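Listed here are the chains, written in short residue letters.
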Amino acid sequence: MRLTQGAFSFLPDLTDEQIARQVQYCIDKGWAVNIEFTDDPHPRNTYWEMWGMPMFDVKDAAGVMFELNECRKAYGGRNYIRVSAFDSTHTWESLRLSFLTDRPADEPGFALERQEVDGRTIRYTTRSYAAMRPEGARY
Amino acid sequence: MDAITDEPRPADADERIDFRAEFARSGLADIFDELDRDLVGLAPVKSRLREIAALLLVDRARARFGLGASSPTLHMSFTGNPGTGKTTVALRMAEILHKLGYVRKGHLVTVTRDDLVGQYIGHTAPKTKEILKKAMGGVLFIDEAYYLYRPENERDYGQEAIEILLQVMENQRDDLVVILAGYGDRMERFFTANPGFRSRVAHHIDFPDYSGDELAAIGGRLLDGMGYVMSPEAEAAFARYIELRKVQPHFANGRSIRNALDRARLRQANRLFASERPVSRDELVTLEAADILASRVFSGGIDSYPPLK
């Protein structure tokens, strides 16, 4: 099952050139670009591992692409990698854009568990099939 | 990630391309007029820049006919004596290359050994990469580049920084331009010890020493910038000052001129303060011959601090 999180996720995967254009847009807006990765793609898993520091002082997308490629060398094919852009201006102080750049070759998807409680009430839980295996051995 | 920002229009096989018109249209003419106006002398530097601009125009024209054009290597090394304008030109270079379309952003990151080389094992690579990332899309200016290589210490981390630099200079030629600067003889030794650098740096530009007239012209511009003028007598005295100072040791071309003018301003301020009468606007902006002639250079000493004699 194809993971759809963040912007552009219903589009075909972005090419490097398209990623660079998006990153340049973020830099031109004055946002700090981050590279993050994880092997636990649960929708409530908001905080992914960061690849290095947020790039506050990079002026050109080439610098971010350099780091993205370094991250791919280490985690590509085994982890999800996303690029996010943080707007530090007062009252925003949050992410303005986040999109996936890399996904594992095989995405097993999620199971939906229904727990019956108190009469006819049902509680729902989503569980990633991948996360059933230990960290590092998931994809 | 295209180095040349605007896509050239395809041309028919029998079309003729007028370089004069292209030159005017690209805004390069303005850049070179500005350069001639702002920088005194430096003929070899200016002619090299014109060559680079011509290459860009030819490359664009070739692209229009569908002929292959690879982006040229633009890494440079600036060598020359102290005060010949290496840093000043590097600052302009980023702007020029940006207008030429060779670099995307046109910012300049100035670094020295301290910014690239770490203090313990494993510290150098992240530090160098951080700087390179910051410089991407612009120009990385490494001042006193020969300090990167310390032959007397084989465990020096400078070598690691050099290797990373070389790798990025080779693989990401489209993303940044590296300018190395330093004094002629030491850069020569640096290149001899690092053959990789010599072959990856395409443009070796030597900054010549300025002539007396050029130094006087530089002095005039500096004064303009500071909002001062010289009286005719002061100008004559300054020309003599330059002739005397030039042959003395520790002469640093443009920098010596700037220091001399700073000292002249100091003496002028002192003179006005000591005169104990109201001063006019003209007096405030005019340097007199006395302000120049009080220099130690005229009495055979060296105009520097701390005094050398």
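See the structure above.
This write-up is about the structure you can find in this document. (Residues numbered from 1 in each chain as written. Chains lettered and ligands numbered in written order. Predicted model: local features only at pLDDT ≥ 70, side-chain atom pairs only at ≥ 80, totals over all residues.)

1. A closer look at the overall build of chain A
Thinking step 1. The secondary structure content of chain A amounts to 2 helices and 6 strands.
Thinking step 2. Seen in sequence order, chain A has helices and strands lined up from the N terminus as α-β-β-α-β-β-β-β.
Thinking step 3. With the principal axes as the frame, chain A shows a C-alpha extent of 60 × 35 × 25 Å.
Thinking step 4. Summarising the internal contacts of chain A: among those between residues at least 6 apart in sequence, 55% fall at separations of at least 24. (Helix = DSSP H or I, 4+ residues; strand = E, 2+ residues; numbered from the N terminus. Contact = placed C-beta atoms within 7 Å.)

2. What about the overall build of chain B?
Thinking step 1. Broken down by element type, chain B carries 14 helices and 7 strands.
Thinking step 2. A principal-axis box enclosing the C-alpha atoms of chain B has dimensions of 75 × 55 × 30 Å.
Thinking step 3. For chain B, restricting intrachain contacts to residue pairs at least 6 apart in sequence, the fraction spanning at least 24 positions comes to 78%.

3. Structural notes on the sheet that holds strand 4 (residues 94–102) of chain A
Residue and element names in this part refer to chain A.
Thinking step 1. Reading across the sheet, the 4 strands line up as 2-1-3-4 and stay open at both edges, with antiparallel pairing between neighbours. Whereas interior strands pair on both sides, the edge strands pair on one side only; in this sheet they are strand 2 (49–50) and strand 4.
Thinking step 2. Relative to strand 3 (residues 80–87), strand 1 (residues 32–38) is paired through 7 bridges, and the arrangement is antiparallel. When the bridges of strand 3 are listed, Asn-34 appears paired with Ser-84.
Thinking step 3. Across the sheet, helix 2 (residues 61–75) lies against strand 1, strand 3 and strand 4, angled at about 10 degrees from strand 1, the strand it touches most. (Pairing = 2+ DSSP bridges. Axes fitted to C-alpha atoms, helices over the stretch in contact; angles between N-to-C directions.)

4. Side note on the sheet that holds strand 4 (residues 177–182) of chain B
Residue and element names in this part refer to chain B.
Thinking step 1. One open sheet holds the 5 strands; their spatial order is 2-3-4-1-5, and the pairing between them is parallel. Two strands lie at the open edges of the sheet, namely strand 2 (108–111) and strand 5 (203–207), each paired on one side alone. The mean inter-strand angle of the sheet, taken between neighbouring strand axes irrespective of direction, is 20 degrees.
Thinking step 2. With 4 bridges connecting them, strand 1 (residues 76–80) and strand 4 associate as parallel partners. From the neighbouring strand, Ser-77 faces strand 4, where its bridge partner is Leu-180.
Thinking step 3. Helix 6 (residues 124–135) rests against strand 2 and strand 3 (139–142) of the sheet, and its axis sits at about 155 degrees to strand 2.

Purely spatial values, then, with no claim about function.
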